[in-house]
Amino acid sequence: MTELAEALGVKIHDPAPPSEIRFTRAGCRLHALDWGGTGAPILLLHGGGLTAHTWNFVCLGLRGAARLVALDLRGHGDSDWSDDYRIATLAADVVAAADHLGFGRVRLAGMSLGGVVAAHVAEAYPDRVDRLAIVGVAPGVDFEGTRHMRAFMSALVPVRELETVVEAAMRVNPHADRARVAYRMSTMFRRRPGGWEPKADLRSPDFPGILAAVEGMAAQLTGLPVLLVRGARSKVLPQAAAERLVGAIPDGRLVVVPDAGHNVQEDNPAALITALRAFLAS
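Source: prediction; values computed, not measured.

1. Structural notes on the overall build of the chain
Then comes step 1: When helices and strands are counted, the chain shows 12 helices and 10 strands.
Then comes step 2: Here the C-alpha coordinates of the chain stretch approximately 50 × 40 × 40 Å along the principal axes.
Then comes step 3: When each of the 282 residues of the chain is scored for burial, the buried share is 55%.
Then comes step 4: Put simply, of all contacts in the chain between residues at least 6 apart along the chain, 74% involve residues at least 24 apart.
Then comes step 5: Here the chain has roughly 12100 Å² of accessible surface; of this, 53% comes from carbon and sulfur atoms.
Then comes step 6: Side-chain charges in the chain split into 30 positive and 30 negative, and the spacing between the mean points of these groups amounts to 1 Å.

Encoded structure:
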């Protein structure tokens, strides 16, 4: 993890791994990674199909500037699967995490699905959110740009060797960095006797519900400072859509990160750290 982060330009002052947090809400056991720190509390929310570990590179670079906690949304990572993945339910889980940690008002960073959830938290629990950063999602988003990767994710099955999954992922995106792909897959699978199995609940998500929530984001974000981050190579979030959202928010600003696609936090974490440090950790 640290070698990959350093290769991506992340300056690391403390390479120690995070501690694990486990708590339960409405019978669903939830998991998070606590990177410590004594500054403003920041909860980080991953995208669909990913895990809290997608924020590892960013947290290594931001560590010490804030109290950083990355959550596994239900159905992802080491959190339980569920029969309820509504955006409102995921948002309530985020607030429960803040309660469990003793946080009052928090700052949120959400990527893709995590950004949609963060926007809902800001609207439904306005007294709990100080400001938020959204990565890679806004009304007008083109999820067709993720079709091949979503098809890859939905086809994941237990495998004897993790390298089998890495090879399949490289066929989907031959230009990806193999070491980073291998690391990502190691965080998305768990070792079992005889092989590896996906951590995520691979049942089809409610895309109509997610898209409806995306289209309502502008109204949810008008009451607080918002940073929207777009990867310059993103095929998912068009530049025009990003500019429209920021233009509709009284206290909105846009940062375009070079050398990054949809997964900005993994493609160019160093530049994202700079943006988040100025906006969230100040």
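2. Here's the deal with the environment of asparagine 56
Then comes step 1: Inspection of the secondary structure puts asparagine 56 in helix H2 (residues 56–62).
Then comes step 2: Measuring from C-alpha to C-alpha, the distance between asparagine 56 and glycine 223 comes to 29 Å, with 167 residues separating the pair along the chain.
Then comes step 3: Contact partners of asparagine 56, with chain neighbours within four places excluded, come to Met1, Leu33, Trp35 and Tyr183.

3. Details of unusual backbone geometry
Then comes step 1: Notably, serine 112 is not glycine yet its phi reads approximately 55°, a positive angle.
Then comes step 2: When you line up the elements, serine 112 lands in the loop between strand S5 (106–111) and helix H4 (113–124).
Then comes step 3: For aspartate 259, which is not a glycine, the phi torsion comes out positive at approximately 55°.
Then comes step 4: Among the residues examined, aspartate 259 registers a relative accessible area of 57% and is labelled exposed.

4. Observations concerning the sheet that holds strand S4 (residues 67–72)
Then comes step 1: The mixed open sheet is built from 8 strands, whose spatial order is S1-S2-S4-S3-S5-S6-S9-S10. One side of each edge strand has no neighbouring strand; the edge strands of this open sheet are strand S1 (19–25) and strand S10 (252–257). Geometrically, the sheet is characterised by an average inter-axis angle of 20° between neighbouring strands, direction not taken into account.
Then comes step 2: Packing of helix H3 (residues 87–101) onto the sheet brings it into contact with S1, strand S2 (28–36), strand S3 (41–45), S4 and S5, and relative to S1 it is tilted by some 120°.
Then comes step 3: Lying over the sheet, H4 contacts S3, S5 and strand S6 (129–135), oriented at roughly 150° with respect to S5.

5. Section: the pairing of strand S9 (residues 226–231)
Then comes step 1: Most of S9 is tucked away, with 6 of its 6 residues classed as buried.
Then comes step 2: Covered by surrounding structure in S9 are Val226, Leu228 and Arg230 together with Leu227, Val229 and Gly231, the residues of both alternating faces.
Then comes step 3: In this structure, S6 lies alongside S9, joined through 4 bridges in parallel fashion. Residue leucine 132 lies in a different strand from S9, and its bridge partner there is valine 226.
Then comes step 4: Here S9 runs beside S10; their pairing, made up of 6 bridges, is parallel.

6. Some words on the packing of helix H6 (residues 162–172) against helix H7 (residues 178–188)
Then comes step 1: As a packed pair, H6 and H7 sit with axes 9 Å apart at the nearest point and diverge in direction by 125°. Classified by the angle between their axes, H6 and H7 sit oblique to one another. Viewed along their axes, H6 and H7 form a crossing whose handedness is right-handed. Judged by residue contacts, Leu162, Glu163, Val165, Val166, Glu167, Ala169 and Met170 of H6 engage Arg178, Val181, Ala182, Met185 and Ser186 from H7.
Then comes step 2: Its residues placed into classes, the contact of H6 with H7 shows 8 nonpolar, 1 polar and 3 charged.

7. Topic: the packing of H3 against H4
Then comes step 1: The N-to-C vectors of H3 and H4 enclose an angle of 75°; their axes lie 9 Å apart at closest approach. Looking at the two axes, H3 sits roughly perpendicular to H4. On the side of H3, the interface is formed by Ile87, Ala88, Leu90, Ala91, Val94 and Val95, while H4 contributes Leu113, Val116, Val117, His120 and Val121.
Then comes step 2: Across the contact of H3 with H4, the residue classes break down as 10 nonpolar, 1 polar and no charged.

8. Section: the packing of aromatic side chains
Then comes step 1: Within the structure shown, the criterion is met by 1 aromatic pair.
Then comes step 2: Taking the centre distance of 5.9 Å and the plane angle of 20° together, the rings of phenylalanine 57 and tyrosine 183 count as stacked. Of this pair, phenylalanine 57 sits in helix H2 while tyrosine 183 is found in helix H7, placing the two residues 126 residues apart along the sequence.
Then comes step 3: Over the face of the ring belonging to phenylalanine 279 we find arginine 131, whose NZ or CZ atom lies 4.9 Å from the ring centre.

Cut-offs used in this document
- Residues numbered from 1 in each chain as written.
- Predicted model: local features only at pLDDT ≥ 70, side-chain atom pairs only at ≥ 80, totals over all residues.
- Heavy atoms only, no water.
- Helix = DSSP H or I, 4+ residues; strand = E, 2+ residues; numbered from the N terminus.
- Buried < 20%, exposed > 50% of the residue type's maximum accessible area, 1.4 Å probe, protein only.
- Contact = heavy atoms within 4.5 Å.
- Areas by Shrake-Rupley, 256 points an atom, 1.4 Å probe, with all protein chains shown as cover.
- Lys, Arg positive; Asp, Glu negative; His and termini not counted.
- Charge placed at Lys NZ, Arg CZ, Asp CG, Glu CD.
- Pairing = 2+ DSSP bridges.
- Axes fitted to C-alpha atoms, helices over the stretch in contact; angles between N-to-C directions.
- Parallel < 35°, antiparallel > 145°, perpendicular 65-115°, else oblique.
- Left-handed = near helix turned anticlockwise from the far one by under 90°.
- Nonpolar A, V, L, I, M, F, W, Y, C, P; charged D, E, K, R; others polar.
- Phe/Tyr/Trp six-rings, centres within 6.5 Å; stacked < 30°, edge-to-face > 60°.
- Lys NZ or Arg CZ within 6 Å of the ring centre and 35° of its normal.

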